[in-house]
Amino acid sequence: MEIARADVEAKLEQHHADSFAWAMACCGRERSEAEDVLQTSYLKVLDGRAAFASRSSFKTWLFGVIRRTAAEHRRWRAVGRFRSRTIDPADPAPDPATLVTHSESSARLLAALARVTERQRQLLHLVFYQDLTIVEAAGVLGISVGTARTHYERGKQRLREMLTVENDR
Amino acid sequence: MSDDDRELRDRFAHLRAEDRAGVPAFRAPSAAARWSWSPRLVVAAAIVLIALVLARPDATPPRLAHEVDLGAAAWRSPTDFLLVTPGRELLRSVPALGSPETLAPIDLRGRSSAPESTQS
């Protein structure tokens, strides 16, 4: 079923805030990279390189496009880093500017999230931040529900431990 | 949902509310931006074209700037004279034993062909 461009733009605008937050989560909360990833994803959707097949909700499908685009960006950046021989620490911790714009509680949550694995972080974001079910989150990440559930439980456990440690300090 | 889950959900909801303030305005990509990937395509096409030209099986090998005609080159070793030894012609030829005309056939019929037994 072909969706008119105006309709697609309206849907993109409707999910824009959530999409931006998801792009931030996929890009280690690097704002400029997240904006690039989001624009590239919108471009793919609008010019038909990514076609919605109505097998899931538009939001989960769009999140899948954003995740794959972020992975492509990361690969291009890795090639660029190799060519320029610059060292880019792969520390997913949020930058100080991000921490300044958030409350202490949110900053602590972001710091704890930065210390779980990428898969766990993405699952926790999709379930707790975006209010998706584990089945939907598994669809976004392209993994089985069982694997998603395992990562989700482990990530949740680890996040709780770190937040408890932070609270005790 | 457990209390722990609820606490986590509250924390994420709080983060989400704070994030909303920093979300950039939505803007659909322009038509010009839609072609921004075309330079990559052009570069990829050029690389493929060059690879095809270089990998052509019937391509002649590149000519050397200074080719040497080995057939026209003559070289003699300065120690060749040591190989010129006396009587070396004998070693390099088959000795002639004379022409067949000069050899008289041996008439074996005039002679007794086989020695007879002396015992009767």
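Residues numbered from 1 in each chain as written. Chains lettered and ligands numbered in written order. Predicted model: local features only at pLDDT ≥ 70, side-chain atom pairs only at ≥ 80, totals over all residues.

Caption draft 1: Examining the overall build of chain B more closely. Secondary structure assignment for chain B yields four helices and zero strands. Along chain B, helices and strands appear, N-terminal first, in the series α-α-α-α. Burial statistics for chain B: of 120 residues in total, 4% are counted as buried. (Helix = DSSP H or I, 4+ residues; strand = E, 2+ residues; numbered from the N terminus. Buried ≥ 20, exposed ≤ 12 C-beta atoms within 10 Å, placed from the backbone.)

Caption draft 2: Expanded view of the overall build of chain A. The number of helices and strands found in chain A is nine helices and zero strands. For chain A, the α and β elements follow one another from N to C terminus as α-α-α-α-α-α-α-α-α. The buried share of chain A, taken over its 169 residues, is 34%.

Caption draft 3: Main features of the interface of chain A and chain B. With 23 residues of chain A in contact, the opposing surface of chain B contributes 19 residues. The set of elements that each furnish at least two residues to the side of chain A that touches chain B consists of α1 (5-14), α2 (16-26), α3 (31-46), α6 (104-113), α7 (118-129) and α9 (145-168) of chain A. At five residues, α3(A) tops the list of elements feeding residues into the side of chain A that touches chain B. Of the residues assigned to the side of chain A that touches chain B, the class counts are ten nonpolar, seven polar and six charged. (Contact = placed C-beta atoms within 7 Å. Nonpolar A, V, L, I, M, F, W, Y, C, P; charged D, E, K, R; others polar.)

Caption draft 4: Focus on α6(A). Among all positions of α6(A), only Ser106(A), Leu109(A), Ala112(A) and Leu113(A) are buried. One side of α6(A) holds all its buried residues, which, seen down the axis, span an arc of 125°. (Arc of directions from axis to C-beta.)

Caption draft 5: Representation of unusual backbone geometry in the model. Residues and elements named next belong to chain A. Positive phi, close to 60°, is recorded for Arg29, a residue that is not glycine. With 21 C-beta atoms packed within 10 Å, Arg29 lands in the buried category. Unlike most non-glycine residues, Asp131 shows phi in positive territory, near 60°. Mapped onto the secondary structure, Asp131 falls in the loop between α7 and α8 (134-141). Overall, the presence of 13 C-beta atoms within 10 Å leaves Asp131 in the partly exposed class.

Caption draft 6: Representation of the confidence of the model for chain B in the model. All names here are of chain B. Looking at chain B as a whole, the pLDDT averages 75, with 67% of positions reaching at least 70. Mean pLDDT values for the elements of chain B range from 59 in helix α2 (residues 31-34) up to 89 in helix α1 (residues 3-20). Low confidence marks residues 116-120, where pLDDT is under 50. Its contacts with residues over four positions away, or in another chain, come to zero contacts. In the predicted assembly, ipTM is 0.81 and pTM is 0.63. (pLDDT = per-residue confidence, 0-100.)

Caption draft 7: How the structure looks around the nonpolar core. If you look at the biggest cluster of nonpolar residues, it comprises 41 residues, and the most contacted ones within it are Ala23(A), Cys26(A), Val37(A), Ile66(A), Val127(A) and Ala137(A). Those elements that place two or more of their residues in this core are α2, α3, α4 (58-84), α6, α7, α8 and α9 of chain A together with α1 of chain B. The leading source of residues in this core is α2(A), at seven residues. Apart from the residues lying within four places of it in its own chain, the contact partners of Ile66(A) are Ser19(A), Trp22(A), Ala23(A), Cys26(A), Val37(A), Leu38(A) and Ser41(A). (Core = buried A, V, L, I, M, F, W, Y, C linked by C-beta atoms within 7 Å.)

Caption draft 8: Just α3(A), in detail. Residues and elements named next belong to chain A. The end-to-end C-alpha distance of α3 is 22 Å, a good match for the 22 Å that 16 residues give at a rise of 1.5 Å each. Among all positions in α3, only Ala34, Val37, Leu38, Thr40, Ser41, Tyr42, Leu43 and Val45 are buried. Count one or two residues on from α3 and you reach Gly48, which has phi positive near 90°. (Expected span 1.5 Å × (residues − 1).)

Caption draft 9: Summary view of the environment of Leu110(A). Residue and element names in this part refer to chain A. The residue Leu110 is located in helix α6 in this model. Under the C-beta neighbour-count criterion, Leu110 is labelled partly exposed, with 17 such atoms within 10 Å. Sequence separation between Leu110 and Arg121 is eleven residues; the distance between their C-alpha atoms is 10.0 Å.

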